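These are the residues of each chain, in order.
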Amino acid sequence: MAKYKIKGLDCWNRAKELRARYYKDYQEAHQRGALRWEGGAWSFDAIPQALEGEVHGLTEEPYGASIGADPALQVRYQEAAEGKWGCARDLCAYLRNYWGSIVLNEFAFGGEWPKADFIFQNHICCTHAKWLQVADEIEGGDIPYFCFDVGAGAYDKIGERQINYVVEQLQDGIDFLEKATKRKIVDEKLIQNVQNTYDSCCYWAKTCELNQAIPAPLDEKTMFSLYVLGTLEKSHKDIADFYKNRLYPEVKDRVANKIAAVADEQCRVLGDSQPPWGFLSIFRYLEKYGIVSVASLYTFSLIGWWKIDKAGKLVPYPTLEEQGITIKDRDHALRLLAEGELKGKLMWAPFYGAKYKNDIVAKIAKQWKCDASIIHLNRGCEGTAQHQMEMKIAVQKLGLPVMTFEGNMADEREFDEGRTKRFIDLFVTETLGLKKVAE
Amino acid sequence: MISAGIDVGGKNVHIVITKNGTILAKMGGPTGINKAEAAEKLYAEALKKAGLKREDVTRVVATGSSGPRVAFANGVIPDAAADARGVIKLIPSARTIIDVGGEEGRAIKISPEGKVLDFAINERCAAGTGTFVDTMSRALEVPVEEMAKLSLKSTQSIPMNAQCAVFGESEVVSLIHQKTSKQDIARAVHDAIAGRIGSVARIVGLEKDVVMIGGVAKNPGFVESLKRDLGMEVKVPDDPDFVGALGAATAAAAGVLEEKVQAKVVEKETIEEGKA
């Protein structure tokens, strides 16, 4: 008999609907006289989405990951990118998928590649710095392009100077948008978008916090499908509503009623980096041993905002309501947006050193009551793969057994499913001493 | 009780038959394309060598990358687990195992009881495996056994790429054209692999005694290179390529498949009721 009750998420279909609509809207935008833009998933969609009229964006990484979920499709797109542009295989796997899609003039969700009207990009890593620049070249080199830098320092170093650094660029970005589109930024829209961004990011973090419960109400494989909405358009009211009014209350209820993600939870694992998207079956394989992947810096902080409280614990970043803030005007909105992203998105911290990653991961391991760690040494993303071996040592020093396996988030040529399952068998049966609890 | 361990690797099958812990027979041979058939055939030969019939063997445990293909095995254990059991039986003081076979190089940290505490694998790369040695020996036009002896005569160290077997081969050809002696090239090849394997071993941490097993452990030139790279003594048991099979036979004798490992019950604090 299973240890815990399990139940599918009631809000699951709504999540699927929101994602499907996002890509459909982007594809059909021009038919409705709407604008299209391309940009990074990590932040700041609140700004282009504040333009007059209808606007739809395509964020690069989730699009690359969507292709990555289909091993046959990703190989075709990557070989197109590599063959046409000669790009090296050790470049970001999402980027190669994205470029390949354009080269082949295919939209992964059907039809031809929908060309954007402008590009609004942030430089979160060296790949992003060139990604859409090259995409524009592939498409003819005539798409208006704006980029801004967010490398202002780790979360504990953010002060007025750092916020000003980003805000001034965002103000330049607004000038660019208005010139390039001949439309105005609507302050009321901007203010609402920033409010929505806070709700999306803070309530996703609150939802992740609930996974400290035993049994965990969510497993990482499910969480991947839920955080992604924030990477698409965290500034959208429907997405903010989803996190605040649908998902978070439902997961709270699951905790109260001890509804588990894995019926026979007996081992809680800390993950790291994106998973190999085409092979998420490895999470189901772990479940045969009663293992649930409950936490990772990546899943928590790609869109979630966090802070370290006075007691040194990782807690969700406060919402605007919790801070008692009402957004006054455009400048206030931009400052709050920059502050939230720079201080709250801890996913940026590893770019500033292994110590940051190790400290945060150690807190996660303790607070989410992890028994072990399984780290995907992700060849597809240098950003998230930073400091992974240092993390392994840091987690082992906490007394947790750690396993690593090599792979690639979106290049199936670099992942060996059979071999990885062999390593999992070794780790769970020998090192963790577990037996299968389900077939 | 008579037990058998069958290690079906990428290149070779190794079989060990034991009775109450004493080895009765060993048999090895190439895996070939049909691994199941190779295992069956060699098992028959091993039984014959031991003067046994199939029904005399109480339990058979398989291991290795193709262990699951052994249809007549009572069960399978992971190869690193088999290595651990085999090594601890032969060298109880072992704490770090380095196993370099045909297709994989791995380092394993074990407890005094032979439990696998940590492991690291040279994944998806031929440059740290026996395949690299074979490829370089062909480029040098020298059998592997001869290459091992040659490298021990070398007195100078020549850095060589070990990131890729293809580039490594090309480099050997360049060194030949530069009239570098075969003994120095042979040592360079071994040093290159040792550097790669040493890096893998450092991931799990080097703790004495360090024991090397697997087919490449039979290459004294490589073992010397590894000792230099690690800066430590490395023990090599007799018939190092049979240790995995011995470990599987030991597991069979211990009835490891019948161990009842209790599920971990973790008593932890639960989240405070009502806390967001």
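Notes on the structure in this doc start here. (Residues numbered from 1 in each chain as written. Chains lettered and ligands numbered in written order. Predicted model: local features only at pLDDT ≥ 70, side-chain atom pairs only at ≥ 80, totals over all residues.)

Residues and elements named next belong to chain B. Pairing is mixed in the open sheet, where 5 strands are placed in the order E3-E2-E1-E4-E5. A single partner strand is all that each edge strand has here, and the edge strands are strand E3 (22–30) and strand E5 (75–76). As paired strands, strand E4 (residues 59–63) and E5 are joined by 2 bridges and run parallel to one another. Residue Ala62 lies in a different strand from E5, and its bridge partner there is Val76. Its contacts with the sheet place helix H8 (residues 243–253) against strand E1 (2–8), strand E2 (12–19) and E4, and it is angled at close to 140° to E1. (Pairing = 2+ DSSP bridges. Helix = DSSP H or I, 4+ residues; strand = E, 2+ residues; numbered from the N terminus. Contact = placed C-beta atoms within 7 Å. Axes fitted to C-alpha atoms, helices over the stretch in contact; angles between N-to-C directions.)

Our next topic: the environment of Val255(A). Relative to the helices and strands, Val255(A) resides in helix H9 (residues 237–256). Note: C-alpha distance between Val255(A) and Ala216(A) (39 residues apart in sequence) is 7.6 Å.

Attention now goes to helix H7 (residues 187–209) of chain A. The terminal C-alpha atoms of H7(A) lie 33 Å apart, and with 23 residues this matches the ideal 33 Å at 1.5 Å per residue to within 8%. Counting buried positions over the 23 residues of H7(A) gives 20, a clear majority of the element. (Expected span 1.5 Å × (residues − 1). Buried ≥ 20, exposed ≤ 12 C-beta atoms within 10 Å, placed from the backbone.)

Residue and element names in this part refer to chain B. Two numbers describe how helix H4 (residues 144–153) lies on helix H7 (residues 220–230): the axes approach to 7 Å, and their chain directions differ by 45°. The pairing of H4 with H7 is recorded here as oblique in orientation. Facing Met147, Ala148, Ser151 and Leu152 of H4, the residues of H7 in contact are Pro220, Gly221 and Glu224. For the contact of H4 with H7, the residue count by class is 4 nonpolar, 2 polar and 1 charged. (Parallel < 35°, antiparallel > 145°, perpendicular 65-115°, else oblique. Nonpolar A, V, L, I, M, F, W, Y, C, P; charged D, E, K, R; others polar.)

Below, the discussion takes up H4(B). Regarding H4(B), the residues found buried are Val144(B), Met147(B), Ala148(B), Leu150(B) and Ser151(B). Taken around the axis of H4(B), the buried residues stretch over an arc of 165°, which confines them to a single face. (Arc of directions from axis to C-beta.)

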